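Residue-level structural notes
Okay, here's what each chain looks like letter by letter:
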Amino acid sequence: MSRVDLREFLDAYLDEVDEHLANANTQLLALDAALRAGEPTLRAVRELFRALHTIKGLSAMVGVDPIVAIAHRMEASLRAADRAGGQLPEGAIDVMLQAVAAIEQRVRALASGHPVPAPPGPLLAALDTLDEVRTPAPVARTTSGLALDPAVNAKIAAFERDALERGIASGRRALCVRFAPSPERAAAGTNINTVRERLGVVSEIVKVVPVSAPRSAEAPAALTFALLVLTRASDEDVAREVGVDVGSIDVVGEPGTSAPAPEPAVVPVPELHDEERDDVQRRGVVRVDVARLDEALERLAQLVISRGVLAREIAVLASRGTDVRGLQIVLREQSRQLRDMRAAVLQLRMVPASEVLERVPLVVRGLRKATGKAVRLEVDAGRTELDKAVAERLFPALVHLVRNAVDHAIEAPDERRRAGKPEEGLLRVTFETRGTGQVALVVQDDGRGIDAARVAARAGVEVPTTDAALLQLLCRPGLSTRDQVSTTSGRGIGMDVVRRIVVEELGGDLSMTTTPGRGTTIVARVPLTLSIVDVLTFECGSQRFVVPMASIDEIIEIDPTQVSAPPRTGAGSTIALIQRRGEAVPLVRLDRTLGLASADPERPKALVVRRDGDAIAFAIDRTLGQQEVVVRPLEDPLLRVPGVTGATDLGDGRPTLVVDLVALSRISGETSEVRT
Amino acid sequence: MANILVVDDSKVMRDMVVACLRGLPGAVFAHAGSGLEAIERLSMERFDLVVLDLNMPDIGGIEVLEFVRGQDHLKTVPIIVVTTRGDEGARASSLEAGASRFMVKPFSPEEILAETRALLGLAEGV
């Protein structure tokens, strides 16, 4: 039997750990908010513990000890917090956020194949001080206010009872929904997972208790699940949504009718591994490498091409007088199917925009602390989805916009008070779907607005008369890096970066409205999807180009002694021959083919591609590196050049042409034929 | 043939366990991503062995054990409890709740394979 190497699971590990880290950050922020509001924290403490425990276990399995060490210390602190009824010592959230960031940093190192640094000593020491501080566990209370079956009641922890009571106090009804699984129901696609999921849509699930029952027609598996939920929906609505009888729903408590005076009693807090979670889990999810989806798209593109060939053949038949009406109907139908198919594949790359917004509260929290400003953050992504690649590229722009808003646009509390505004500034970050194929990111603040006159004075230009002109001015690279402008204008730092990402990298557009004293709204509209290609960057004739990696057979050094002029071609031809493993391969001077000045590099290289199976080499100055880029098709027909498939941005704002060497080889081939 | 149920909310972890045990002759694997799902499947299907994680959302491994051992027809199904270092207290409570074996992550593929063989009554090298 072959030996199993668990390190093979590294990619899947990285994906899953990312998810748990995002959850850990979310729970830390929830914990922070609950601590400040004096609300119960036990659930968030346990959820956080669970995330770290899973990270620790997985990291141990794949042998990433520095992450195990950090997660282990965090766990110890959280265990102490759990014993203290959810209380955390002063400053604990900050230390924990740093610890999560330290894990993230190590995950990134691992992902990029770098050595994973040892855990930082000061961080571990700071974590250790957290579990020394022990607050005695507060006395928990039980109540007789909930109408619970004894078998269910015995399985409810104090904090769950507390959650039910708080829910009722806030105007919701507490229900017990019973679900009895059976092989028939399972075969019809209804099981505890689907029931939880559907129930999660109309209610908040507080606890699920399995109850064993005598085997009967009602409980063929000798098992019933009792799901305790909080909802504003009626029994009928819940029953319909979940697909159970109204008879299997009992009211556990209702606003105004329950909750008599609670009688104090000490309830032991159960062990940590008994913790529960109320949100709906993601089920039936398959992780797929994006490269595989790209491959599917590629295949689809080939199908589209062969459909084009078919259409031409049918046109030929028609021109010869054949009746092709039947064929044309099929052809039209096929076009529609191909379009649908393409949309379906693109759909697979979509992620909820809410994932992009997940980290924004963390950014704002940091800024709040750094600036001492009071900021209320509202985020809303609704059900908007966008391509994973777009989401990843857009994120830094989003962070820039949020940072600008808090750093510069929103005023300090006393300034806001003097201006007659609430001390707490408002920052809204939302995603909306705009028409087809576009998504809009909106970052809105109620800060001081942008003073066009001051920005203009700094830039030494006339005062822009429209918001659009002002935005253009703010996006001027030289201008936006000057600190003074940004502090007086309210916006500015990094606007050129934002513009570059939104407009140049993603092919979207940026707009702004600003009212002095009232606030600023910036809207970035970007396409939902992109085409991403792995490319090689190289220099030729002192210019930079990229070429898709997939088209390159080999990169070779040109040894001048191995280059010869081919027979029957005169001087000045772009074609020579180079010996490659005993075989003569045509060598094309790419600089001449593209009409560029010759750079005469010291150690020239050549990119070998295959055209119809035959190798052909292109001489270039030097290779620069390999990277993933977003390719935008050249839409201007005047710019359509044979051998150039599109343009891309390598991160410095300069457009770089994407060349198709195989197509270029045809052109230079024709050239050489003319010359011979 | 041995039907094995692997219970863990982490898909990577389930996949790792399956990879460790794949060499068992005739082993067939089923996955459960939560304690509730595990209880549901154990109530309706026959399994020869369960690999159970302790740290899960909805209900944890101890609750699963308690429920399962409370069912007449599930009293003897072998259950390997898997947990992470730092849960030393969990060993006692797991065994008390009816776990057949207790393993701490990280464990090696050979370790879990040996435990599984022993529980299924298979000879070494089979």
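Residues numbered from 1 in each chain as written. Chains lettered and ligands numbered in written order. Predicted model: local features only at pLDDT ≥ 70, side-chain atom pairs only at ≥ 80, totals over all residues. Heavy atoms only, no water.

Observations concerning the overall build of chain A
Along the backbone of chain A there are 23 helices and 25 strands. Buried positions account for 46% of the 676 residues belonging to chain A. Considering only contacts in chain A between residues 6 or more positions apart, those separated by 24 or more positions represent 68%. When the accessible surface of chain A is split by element, carbon and sulfur atoms take 52% of a total near 33100 Å². (Helix = DSSP H or I, 4+ residues; strand = E, 2+ residues; numbered from the N terminus. Buried < 20%, exposed > 50% of the residue type's maximum accessible area, 1.4 Å probe, protein only. Contact = heavy atoms within 4.5 Å. Areas by Shrake-Rupley, 256 points an atom, 1.4 Å probe, with all protein chains shown as cover.)

Here's the deal with the overall build of chain B
Secondary structure assignment for chain B yields five helices and five strands. Ordered by position in the sequence, the α and β elements of chain B form the string β-α-β-α-β-α-β-α-β-α. For chain B, the residues scored as buried account for 61% of the 126 residues in total. Across chain B, the fraction of contacts at a sequence separation of at least 24, relative to all contacts at a separation of at least 6, is 60%. Carbon and sulfur atoms form 51% of the exposed surface of chain B, whose accessible area is close to 4400 Å².

As for the sheet that holds strand E3 (residues 49–53) of chain B
Residues and elements named next belong to chain B. Read from one edge to the other, the open sheet built from five strands follows the order E2-E1-E3-E4-E5, with strand pairing classed as parallel. Looking at strand neighbours, the two that pair on one side only are strand E2 (27–32) and strand E5 (101–105), the edges of this open sheet. Averaged over all neighbouring strand pairs, the angle between strand axes comes to 20°, with direction disregarded. Across six bridges, the pairing between strand E1 (residues 2–7) and E2 is parallel. Its bridge partner being in E2, Ala2 is matched across the sheet by Ala27. In this fold helix H2 (residues 35–44) packs onto E1, E2 and E3, with an angle of close to 135° to the strand it touches most, E2. (Pairing = 2+ DSSP bridges. Axes fitted to C-alpha atoms, helices over the stretch in contact; angles between N-to-C directions.)

Quick word on the interface of chain B and chain A
The interface of chain B with chain A comprises 45 residues on the first partner and 48 residues on the second. In total, about 3900 Å² of surface goes out of reach between chain B and chain A, with carbon and sulfur atoms giving 61% of it. Among the residues of chain B in contact with chain A, Met16, Glu40 and Asn55 of chain B are the three that bury the most area, contributing 15% of the side total. Ionic pairing is found between Lys155 of chain A and Glu66 of chain B, a salt bridge with its closest N-O pair at 3.4 Å. If you look at where chain B meets chain A, you find 10 residue pairs in polar contact (both at pLDDT 80 or more). In terms of residues, the side of chain B that touches chain A owes the most to one element, helix H1 (residues 11–21) of chain B, which gives seven residues. (Buried area = accessible area lost by both parts, 1.4 Å probe. Salt bridge = Lys/Arg side-chain N within 4 Å of Asp/Glu carboxyl O. Polar contact = N/O pair within 3.5 Å; in protein donor to acceptor, adjacent residues only side chain to side chain.)

Some points on the sheet that holds strand E8 (residues 375–380) of chain A
All names here are of chain A. Read across the sheet, five strands follow the order E8-E10-E11-E13-E12 without closing on themselves; strand pairing throughout is mixed. Looking at the sheet topology across the chains shown, the edges are occupied by E8 and strand E12 (509–515). Adjacent strand axes in the sheet meet at a mean angle of 10°, parallel and antiparallel pairs treated alike. In the sheet, E8 pairs with strand E10 (residues 425–434) via six bridges, with the strands oriented parallel. Across the sheet, residue Glu378 finds its bridge partner in E10, namely Arg428. Together, E12 and strand E13 (519–527) form the strand contacts of helix H21 (residues 495–505), whose direction differs from that of E12 by roughly 140°.

A few points about the pattern of salt bridges
Inspection of every chain in the model, using the stated rule, returns 42 salt bridges over all chains. For Arg603 of chain A, the salt bridge goes to Glu557 of chain A, with nearest N and O atoms at 3.0 Å. Residue Arg603 of chain A is located in the loop between helix H22 (590–593) and strand E20 (605–611), and its partner Glu557 of chain A is located in strand E16 (residues 554–557); the two are separated by 46 residues in the primary sequence. The exposure class of Glu557 of chain A is partly exposed, given its relative accessible area of 42%. A salt bridge links Lys105 of chain B to Asp53 of chain B; the nearest nitrogen and oxygen atoms lie 3.6 Å apart. Of this pair, Lys105 of chain B sits in strand E5 while Asp53 of chain B sits in strand E3; the two residues are 52 residues apart in sequence, bridging distant segments of the chain.

Some details on helix H12 (residues 325–348) of chain A
Here H12 of chain A contains 24 residues, and its C-alpha end-to-end distance of 35 Å stays within 8% of the 34 Å for a straight helix at 1.5 Å per residue. Every buried residue of H12 of chain A is accounted for by Leu331, Ser335, Leu338, Val345 and Leu346 of chain A. (Expected span 1.5 Å × (residues − 1).)

Things to note about the packing of helix H15 (residues 388–409) of chain A against H21 of chain A
Residue and element names in this part refer to chain A. At a minimum axis separation of 9 Å, H15 and H21 run at an interaxial angle of 150°. Classified by the angle between their axes, H15 and H21 sit roughly antiparallel to one another. The two elements H15 and H21 meet at a crossing, and its hand is left-handed. Note on element contacts: H21 touches H15 through Met495, Val497, Val498, Ile501, Val502 and Glu505, opposite Arg393, Leu394, Pro396, Ala397, His400, Leu401 and Asn404. Looking at the contact of H15 with H21 residue by residue, the class counts come to nine nonpolar, two polar and two charged. (Parallel < 35°, antiparallel > 145°, perpendicular 65-115°, else oblique. Left-handed = near helix turned anticlockwise from the far one by under 90°. Nonpolar A, V, L, I, M, F, W, Y, C, P; charged D, E, K, R; others polar.)

Observations regarding the pairing of E3 of chain B
All names here are of chain B. With respect to burial, E3 is a largely interior element, five of its five residues being buried. Burial of E3 is two-sided: the residues Leu49, Val51 and Asp53 facing one way and the residues Val50 and Leu52 facing the other way are all buried. Pairing of E1 with E3, which is carried by four bridges, proceeds in the parallel orientation. Residue pairing across strands places Leu5 opposite Val50, the latter belonging to E3. Pairing between E3 and strand E4 (residues 79–84): four bridges, direction parallel. Note on E4: the bridge partner recorded for Asp53 is Val82. Once the chain exits E3 it traverses helix H3 (residues 61–69) before rejoining the sheet at E4, and the crossover so formed is right-handed. (Right-handed = clockwise from strand over helix to strand, strands pointing away.)

Focus: the confidence of the model for chain A
Any region with low pLDDT has predicted coordinates that should not be read closely. Residue and element names in this part refer to chain A. In the predicted model, chain A carries a mean pLDDT of 81, and 84% of its residues have values of at least 70. A low-confidence stretch, residues 137–142 stays under pLDDT 50, and its non-local contacts, those more than four residues away or across chains, total 19 contacts. Below a pLDDT of 50 lies the segment residues 258–283, which in the model reaches 83 contacts outside its immediate sequence neighbourhood of four places, other chains included. (pLDDT = per-residue confidence, 0-100.)

A word on the side chain of Gln71 of chain B
With respect to the helices and strands, the residue Gln71 of chain B is situated in the loop between H3 and E4. Judged by its relative accessible area of 6%, Gln71 of chain B falls in the buried class. When residues no more than four places from it in sequence are discounted, the contact partners of Gln71 of chain B are Ser212 and Ala222 of chain A.

Concerning the nonpolar core
Membership of the largest hydrophobic core comes to 64 residues, with the highest contact counts inside it found for Tyr13, Ile70, Met74, Ile103 and Leu127 of chain A. The element that contributes the greatest number of residues to this core is helix H4 (residues 92–111) of chain A, accounting for 11 residues. (Core = buried A, V, L, I, M, F, W, Y, C linked by side-chain atoms within 4.5 Å.)

Structural notes on the environment of Thr224 of chain A
Residue and element names in this part refer to chain A. Along the chain, the position of Thr224 falls in strand E4 (residues 223–231). As for Thr224 and Val211, which are separated by 13 residues in sequence, their C-alpha atoms are 5.2 Å apart. Apart from the residues within four sequence positions on either side, Thr224 is in contact with Arg178, Phe179, Ala180, Val209, Pro210, Val211, Ala213 and Ala219.

Some remarks on unusual backbone geometry
Omega for the bond connecting Lys105 of chain B with Pro106 of chain B falls within 30 degrees of zero, at 0°, which places this linkage in the cis form. By the secondary structure assignment, Pro106 of chain B is in the loop between E5 and helix H5 (109–120). Phi at Ala222 of chain A takes a positive value of approximately 60°, unusual for a residue other than glycine. Among the structural elements, Ala222 of chain A can be located in the loop between strand E3 (204–212) and E4. On the basis of relative accessible area, Ala222 of chain A is assigned to the buried category, the value being 7%.

Side note on the packing of helix H1 (residues 10–37) of chain A against H4 of chain A
Residues and elements named next belong to chain A. The N-to-C vectors of H1 and H4 enclose an angle of 165°; their axes lie 10 Å apart at closest approach. Accordingly, the angle class assigned to the pair H1 and H4 is roughly antiparallel. Taken as a pair, H1 and H4 cross one another with a handedness that is left-handed. For the pair formed by H1 and H4, the contact residues are Leu10, Tyr13, Leu14, Val17, Asp18, Leu21, Ala24, Asn25, Leu28, Leu31, Asp32 and Leu35 on the first element and Ile93, Met96, Leu97, Val100, Ile103, Glu104, Val107, Leu110 and Ala111 on the second.

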